[in-house]
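# Inside the fold
Each chain, written out:
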Amino acid sequence: MYNVIVVDDEKIIRNGMKNYINRHSVDFRVIEDFADGKDAEEYLKSVLEMNVEDVSVVITDIRMTDMSGLELSQWIYENMKSVIVVILSGYKEFDYAKEAMSYGVKRYLLKPADTNELMQLLSELKTELDARQNERQMSLSNIKHLYSLIAENKLYEASLYFGNILNEIKYEPLDRVKESTAELFGVIVNKLNIYYEIQVSAESLGLNSILNLDSVPEIQKFGIKIIETLAAKMSLKSEKSDEHILQEARRFIEENYMKDISLQDLSDKMFFSPSYFSRFFKKYTGEKFSDYLLRVRMTKAVELLKKGNKAEDVSKRCGYNSAAYFSHIFKEYYGYTPKDYVRRF
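Scope of this entry: the structure provided in the associated data block. (Residues numbered from 1 in each chain as written. Predicted model: local features only at pLDDT ≥ 70, side-chain atom pairs only at ≥ 80, totals over all residues. Heavy atoms only, no water.)

### Comments concerning the overall build of the protein chain
Of regular secondary structure, the protein chain possesses 16 helices and five strands. In terms of overall dimensions, the protein chain is more spread out than a globule: its C-alpha atoms have a radius of gyration of 26 Å, far above the 20 Å expected for 345 residues. By the burial criterion, 42% of the 345 residues in the protein chain qualify as buried. On the protein chain, roughly 19,300 Å² of surface is accessible, and the fraction owed to carbon and sulfur atoms is 48%. Between the centroid of the 48 positive side chains of the protein chain and the centroid of its 54 negative side chains there is a distance of 9 Å. (Helix = DSSP H or I, 4+ residues; strand = E, 2+ residues; numbered from the N terminus. Rg over C-alpha atoms; globule rule 2.2 N^0.38 Å. Buried < 20%, exposed > 50% of the residue type's maximum accessible area, 1.4 Å probe, protein only. Areas by Shrake-Rupley, 256 points an atom, 1.4 Å probe, with all protein chains shown as cover. Lys, Arg positive; Asp, Glu negative; His and termini not counted. Charge placed at Lys NZ, Arg CZ, Asp CG, Glu CD.)

Listed below in structure tokens is the structure:
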């Protein structure tokens, strides 16, 4: 579900569009509507401050009192590039609408909006947003893997992998390559500061300088320097950092063992690649993730059985949908079925 805000000084148009989209679209919902661009800007600023991706599409009129749709489009272009702006315009305003193209606006709806055209537009937007989402998932996978290599202080492998990432995107527009690279290292620096307290900022690394580079080879050279700096910082990390990560991992398992969780879920939570976190977890606990999770579940199962809970209820509360499968696992672990265990102990 993608979130939309509608901005128009005519209440009947705002309400009409909001009601129609919310009734007829399964992929979009209008979460807010505003009578002026300034109010919409204030709302979007609050979204930015909360660091949540709450808005995917802004549908805005052009002429409004305090802030026009063009000014709002410019602000979004400069501050929230991922948000798609759709301009609502009358025939007489089409020249203004063309001006919006300089702010990345590519879609328009003529007033009064035809419902068929609106639904066609939403269909096109869904295709674009879905593609972006898939691309972002791939991008996150790359960031996690590079982050994991830097966390392991594998300088050579990290530099090679960064080169592979650039090879995947080198045929995209240079500005996009620069923005993607700056975002990649921005996320990595943020995560390293959270979990390892390396005390390095994007400013001290000069990440914004990436935006001034003139070629992919220059970006690659600059990126490798950043990796070298981060790897040097990681070589000085304290053991307390690893202990903190391990505590977070254990807490996640304790709070979620009753759900269908996996190593992938835990890795995603800690922002590592599964292969790295599997090695990390085994190194510091002496157990594979699956063995550790099993031990937690079996310990909880015994506690519940001793309190008089039935095996069927216990299985569900320990992350097993099938009572028969739970009994089979329990017997493999303890040598007794749940019923026999309760009788004997």
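More follows now that the structure is in view.
### Quick notes on the pairing of strand β5 (residues 107–110)
Every second residue of β5 is oriented toward a common face, the buried set being R107 and L109 and the non-buried set Y108 and L110. Sheet topology note: the strand β4 (residues 84–89)/β5 ladder contains four bridges and is parallel. Bridge pairing in β5 links S89 to L110. (Pairing = 2+ DSSP bridges.)

### Side note on the packing of helix α11 (residues 263–270) against helix α12 (residues 274–285)
Closest axis-to-axis distance for the α11/α12 pair is 9 Å, and the angle between their directions is 95°. Between α11 and α12, the interaxial angle falls into the category roughly perpendicular. Between α11, through L263, Q264, L266, S267 and M270, and α12, the contact on the second element is made entirely by P274, F277, S278 and F281. Across the contact of α11 with α12, the residue classes break down as six nonpolar, three polar and no charged. (Axes fitted to C-alpha atoms, helices over the stretch in contact; angles between N-to-C directions. Parallel < 35°, antiparallel > 145°, perpendicular 65-115°, else oblique. Contact = heavy atoms within 4.5 Å. Nonpolar A, V, L, I, M, F, W, Y, C, P; charged D, E, K, R; others polar.)

### A few points about the side chain of S73
Mapped onto the elements of the fold, S73 is located in helix α3 (residues 69–79). According to the relative accessible area criterion, S73 is buried, its value standing at 1%. If sequence neighbours within four positions are ignored, S73 has contacts with T60, V85, I87, Y103 and V105.

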